[in-house]
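Structural features, examined
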Amino acid sequence: MLRAVAYLAEDICSFEFVCPQGRPLPAFSAGAHIDVHLPGGIIRQYSLCNDPAERHRYVVAVLRDPRGRGGSLAMHEQLHPGAMVTISVPRNHFPLAANALSYVFLAGGIGITPIMSMVAQARAAGKPFHLYYCTRTPQRTAFLRKLRPLIEAGVALVHHDYGDVANSLDLRHVLRDYPAGAHLYYCGPVGFLDAVEHAASGWPAQAVHCERFSAPASSGASDDPEADAPFEIELAKSGKRLTVAAGQTIVDALVANGVEVDVSCRQGYCGTCMTRYLAGQPLHRDSVLDDEDREDFVMICCSRARGRSLVLDL
Ligand code: FES
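If you're wondering where the values come from, they're calculated on a predicted model, not measured in any experiment.

What follows concerns the domain arrangement of the protein chain. Under the domain assignment, the protein chain is made up of domain 1 (2-78), domain 2 (102-211) and domain 3 (231-312). Averaged C-alpha coordinates put domain 1 and domain 2 at centres separated by 22 Å. Each side of the interface is counted separately: domain 1 has 18 residues, and domain 2 has 14 residues. Summed over both partners, the interface of domain 1 with domain 2 buries about 1,400 Å², with 57% contributed by carbon and sulfur atoms. Of all residues in domain 1, the largest losses of buried area upon contact with domain 2 belong to Glu10, Ala30 and Cys49, amounting jointly to 32% of the total for that side. Our count for the contact surface shared by domain 1 and domain 2 stands at two salt bridges. The partner of Arg140 in a salt bridge is Glu10, and the shortest N-O contact between them spans 3.0 Å.

See below:
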């Protein structure tokens, strides 16, 4: 049940979900998100921003975006306190590395949401961290009051660019040195992510972690001749064999053949369609899985196969 909606900043509200029977909710870790099922069959993923130690509620914060795909408008305009809303259990594709010696958090705008949860978890674990939070103006800065003690303690910096790229935080300076054992977590709009990725190029790849709210500009584009070739999939549990045509996704081929699968973003960044594969070599096109995950899993909404076939654990 949606218990409360609260104004956080210009165009940003928080939404608090609780169990209507007052029971504890499944535990989550920092970086996790939930699927929210909205009117009109829309499903959207939102990062949890509350303290993972809390078991009585899930809180998300949503930026109202009139140019978006409709999810944020539905959240802001169609959900009201007391409404029964279907949400998923939390899933986490952006977890904190437990073995990190310290954390650097970089948030752009509404990308602060998973980072707020990470800050709470890092503090509870007694891990040193530094937060850099970039927004346009103080009026558009969620959680400003909550962060005030951290700003005063010198472990958080809030930077406003007032809509002028010339005023942007000097990310190259922030990420110039790699503190041994540190892990970097960053989240925000595409331009911010690209800038951080560039500025962090001197950091070890395994210490850099990003969460996207949309597919990267380059996803799907490829000069690889296999990129759009047809291939076969075999469903290990039923023994069914299907052809995925050029221009078709694995999900499309499954649905066309009466196989139901969970999907949401259909662009490879939400993690909903993650599927184990048992043989063959995927042509990965998602922005969720790391190299280790890719040895076992494939995002079937956007990825294809290298070679002729792929065996899925379906
Ligand atoms: S549906 Fe979002 S990653 Fe596939």
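We now examine the sheet that holds strand 13 (residues 274-283). If you trace the five strands from one edge of the open sheet to the other, you get 12-11-15-13-14, paired in mixed fashion. Looking at the sheet topology across the chains shown, the edges are occupied by strand 12 (241-244) and strand 14 (297-299). When strand polarity is set aside, the average angle formed by the axes of neighbouring strands in this sheet is 40°. As defined by bridge partners, strand 13 adjoins strand 15 (residues 304-312) across six bridges and the pair is classed as antiparallel. What sits directly across from Ala279, in strand 15, is Val311.

A separate point is helix 5 (residues 190-199). Residues of helix 5 that are buried include every one of Phe192, Leu193, Val196 and Ala199, and no others. Angularly, the buried residues of helix 5 cover 130° about the axis, an arc narrow enough to put them on a single face. Turned more than 90 degrees from where helix 5 packs its buried face, Gly191 and His198 sit exposed. Where helix 5 is buried, its residues contact strand 6 (102-108), strand 7 (129-135), helix 4 (171-174), strand 9 (182-187) and strand 10 (208-211).

On to the nonpolar core, then. Phe105, Ile115, Leu131 and Tyr185 are the most contacted members of the largest nonpolar core, which has 31 residues in total. Listed by contribution, the elements that provide at least two residues to this core are strand 5 (58-63), strand 6, helix 2 (112-125), strand 7, helix 3 (144-152) and strand 8 (156-160). Element by element, the count of residues in this core is highest for helix 2, at six residues. Formed jointly, this core draws a minimum of three residues from each of two domains, domain 1 (2-78) and domain 2 (102-211). Excluding residues that lie within four positions of it along the chain, Phe105 makes contacts with Leu96, Ile115, Met118, Val119, Ala122, Phe129, His130, Leu131, Tyr132 and Tyr185.

How each quantity is defined
- Residues numbered from 1 in each chain as written.
- Predicted model: local features only at pLDDT ≥ 70, side-chain atom pairs only at ≥ 80, totals over all residues.
- Heavy atoms only, no water.
- Domains from an automatic or database assignment.
- Contact = heavy atoms within 4.5 Å.
- Buried area = accessible area lost by both parts, 1.4 Å probe.
- Salt bridge = Lys/Arg side-chain N within 4 Å of Asp/Glu carboxyl O.
- Pairing = 2+ DSSP bridges.
- Helix = DSSP H or I, 4+ residues; strand = E, 2+ residues; numbered from the N terminus.
- Axes fitted to C-alpha atoms, helices over the stretch in contact; angles between N-to-C directions.
- Buried < 20%, exposed > 50% of the residue type's maximum accessible area, 1.4 Å probe, protein only.
- Arc of directions from axis to C-beta.
- Core = buried A, V, L, I, M, F, W, Y, C linked by side-chain atoms within 4.5 Å.

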